[in-house]
Amino acid sequence: MRRRLAAGNWKMHGLADSLAAIADLSAAHPDPACDIVICPPATLIHRAADLVLGRAVSIGAQDCHAEDAGAHTGDISAPMLRDAGATTVILGHSERRADHGETDAAIRAKTHAALRAGLLPILCVGETLAQREAGETLGILSTQLALSLPDEARDHAIVIAYEPVWAIGSGLTPDPDQISAVHAHIRAEMSARFGTEMAGATRILYGGSVKPANAASIFAAPDVDGALVGGASLREPDFSPIIAALCASC
Ligand code: 13P
């Protein structure tokens, strides 16, 4: 059985006083039926990890460099994130693909770095609106998966997040049956490359405008193992009902 996962992506939000939201969340879910990870900005990882030590909530990062160390001013490596207390790292988010020109090949190298460091990668894939309207969704996802997953993923736990670019921050979401169809396609691609056991163990999250109001219907859809939540993960009163809906669907 795949343990469901509620992951919060804080993006470029959060100062020291935002740590209270993580403390509140941790206190509200002492023994959840699903996994919970918060990915704050890198500046807060160390303090956030200390805050949740011994608790059910874990802390993740939003990106890492492909190399373990070196002359790369301003970058942060996977071993550094691990050292700061992160257990997880989001990779290939569409905002990084767009803002930083990250290619599938670069994301593949970062995913390999995360695995080397013992971090759980949450690999993001998703189509743009133009690609969806052109009927290219499944083909785009197949290409992103093929090129951004390293062969080494075979021996590790990984998480895939299906995040349609047009659904992020827009209030729009695909229908639950559309999400299920895409997740089934992702799992079939994983199975073809890595085998049924690995594909069966891989958690596939949906991300894009997940809110308390739509969470239950999304989590009831077959093949949805949780959510990668942006805006609604910033405040405990918004994220807690989403976590509760996920746990209720376990
Ligand atoms: P929103 O939940 O704000 O749409 O963001 C989704 C996302 O990009 C999570 O990585």
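In what follows, the structure referred to is the one given above.
Sequence order as written defines the numbering, with residues in each chain counted from 1. Owing to the predicted nature of the model, reporting of local features is limited to residues with pLDDT of at least 70; listing and counting of side-chain atom pairs is limited to 80 or more, with chain, interface and lining totals taken over all residues. The basis for the side-chain values is all heavy atoms of the structure; hydrogens and waters are excluded.

Q: Looking at this structure, I do not really get the pattern of salt bridges. What am I missing?
A: Close approach of charged atoms allows side chains of opposite charge to pair. Definition used for salt bridges: Asp or Glu carboxyl oxygen within 4 Å of a side-chain nitrogen of Lys or Arg. Under the criterion given, the structure shown has 16 salt bridges. The partner of D223 in a salt bridge is R2, with the nearest N and O atoms 3.8 Å apart. Of this pair, D223 sits in the loop between α10 (212–219) and β8 (226–229) while R2 sits in the segment before β1 (5–9), placing them 221 residues apart in sequence. R2 gets classed as partly exposed once you look at its relative accessible area, which sits at 26%. When the shortest N-O distance is used, the salt bridge between D63 and K110 registers 2.8 Å. One end of the pair, D63, is in the loop between β3 (57–61) and α3 (78–84); the other, K110, is in helix α5 (residues 104–116), with 47 residues separating them in the sequence. Only runs of H or I of at least four residues qualify as helices and only runs of E of at least two qualify as strands under DSSP, and these elements are numbered from the N terminus. Burial classification: accessible surface area is computed with a 1.4 Å probe over protein chains only, and a residue below 20% of its type maximum counts as buried, one above 50% as exposed, and the rest as partly exposed.

Q: I keep staring at helix α7 (residues 137–148) and nothing clicks. Help me out?
A: Residue pairs spaced three or four apart in an α-helix point in one direction, given the helix's 3.6 residues per turn. Given a helix with a known number of residues, its expected span is that number minus one, times 1.5 Å. Across its 12 residues, α7 extends 16 Å between first and last C-alpha, which sits within 8% of the 16 Å expected from 1.5 Å per residue. Buried residues belonging to α7 abut α4 (94–100), α5, β5 (120–125), α6 (129–133), β6 (159–162) and α8 (176–194). Residue contacts are counted whenever heavy atoms from the two residues lie within 4.5 Å of one another.

Q: So what exactly am I meant to see when it comes to the side chain of E127 here?
A: Note on placement: E127 falls in the loop between β5 and α6. A polar atom in the side chain of E127 sits 2.7 Å from the side chain of R132. Here a polar contact means two N or O atoms within 3.5 Å. Within protein one must be a hydrogen donor candidate and the other an acceptor candidate, and residues neighboring in sequence count only if both atoms are side-chain atoms. Within the local environment of E127, its side chain forms a polar contact with the side chain of W166, the two groups lying 3.0 Å apart. Setting aside its immediate chain neighbours within four residues, E127 contacts R132, T137, I140, L141, Y162, E163, P164, V165 and W166.

Q: How should I be thinking about α5 in this particular structure?
A: The terminal C-alpha atoms of α5, which comprises 13 residues, lie 18 Å apart, in line with the 18 Å expected from a rise of 1.5 Å per residue. Every buried residue of α5 is accounted for by D104, I107, K110, T111, A113, A114 and L115. Backbone geometry just after α5 places G118 at a positive phi near 80 degrees.

Q: Is there a simple way to explain the side chain of S142 in this structure?
A: Relative to the assigned elements, S142 resides in helix α7. Within polar-contact distance, the side chain of S142 engages the side chain of E189 at 2.5 Å. Apart from residues no more than four positions distant in its own chain, S142 is found in contact with H185 and E189.

Q: Would you mind showing me how to read the nonpolar core here?
A: Soluble globular proteins tend to pack their nonpolar side chains together in the buried interior. Core analysis: the biggest nonpolar cluster contains 65 residues, and L149, I160, I186, M190 and F219 have the highest contact counts within it. Per-element tally for this core: the top contributor is helix α11 (residues 236–248), with six residues. Setting aside residues no more than four positions away along its own chain, L149 makes contact with R108, L123, Q144, I158, I160, M190, R193 and F194. To qualify as a nonpolar core, a set must consist of buried Ala, Val, Leu, Ile, Met, Phe, Trp, Tyr and Cys residues joined through side-chain atoms within 4.5 Å. Listed in part, the 12 residues of the second largest apolar core include I122, V159, A161 and L205.

Q: Any chance you could explain the site of the ligand here in plain terms?
A: For each residue, the test is whether any non-hydrogen atom lies within 4 Å of the molecule or strand; if one does, the residue is near. The full set close to the ligand counts 13 residues, and K11, H93, G169, S209 and G231 are the nearest of them. In the model, an oxygen atom of the ligand is placed 2.7 Å from a nitrogen or oxygen of the G169 main chain. Measuring from an oxygen atom of the ligand, one finds a backbone N or O atom of G231 at 2.9 Å. In isolation the ligand exposes 310 Å². Once the protein is present, 97% of that is buried. Among the residues forming the shell around the ligand, the class breakdown is four nonpolar, seven polar and two charged. Methods summary: accessible areas were calculated by the Shrake-Rupley approach with a probe of 1.4 Å, and residue burial reflects only the protein chains presented. Here the nonpolar group is Ala, Val, Leu, Ile, Met, Phe, Trp, Tyr, Cys and Pro; Asp, Glu, Lys and Arg are the charged ones; every other residue, Gly included, is treated as polar.

Q: What exactly am I supposed to notice about the environment of A221 here?
A: Among the secondary structure elements, A221 is positioned in the loop between α10 and β8. In the structure, A221 is positioned 28 residues away from S249 in sequence and 9.9 Å away in space, judged by C-alpha atoms. Here A221 is in contact with P176 and S180, once residues within four sequence places are set aside.

Q: Quick question: what am I supposed to make of the packing of helix α1 (residues 19–28) against α11 here?
A: Any two packed helices are characterised by how steeply their axes cross, that is the angle between the axes, and by the distance between the axes. Packing of α1 against α11 brings their axes to within 10 Å, and their N-to-C directions diverge by 30 degrees. Our pair here, α1 against α11, has a crossing hand that is right-handed. Contacts between α1 and α11 pair A21, D24, L25 and A28 from the former with E236, F239, S240 and I243 from the latter. Taken together, the residues of the contact of α1 with α11 sort by class into five nonpolar, one polar and two charged. Angular values range over 0 to 180 degrees, each being the angle between N-to-C directions of two axes fitted as lines to C-alpha atoms, with helices fitted over their stretch in contact. Here is the rule for handedness: rotate from the far helix to the near one, and if that takes an anticlockwise turn smaller than a right angle the crossing is left-handed, while a clockwise turn gives right-handed.

Bear in mind that shape data such as this cannot, by itself, settle questions of function.
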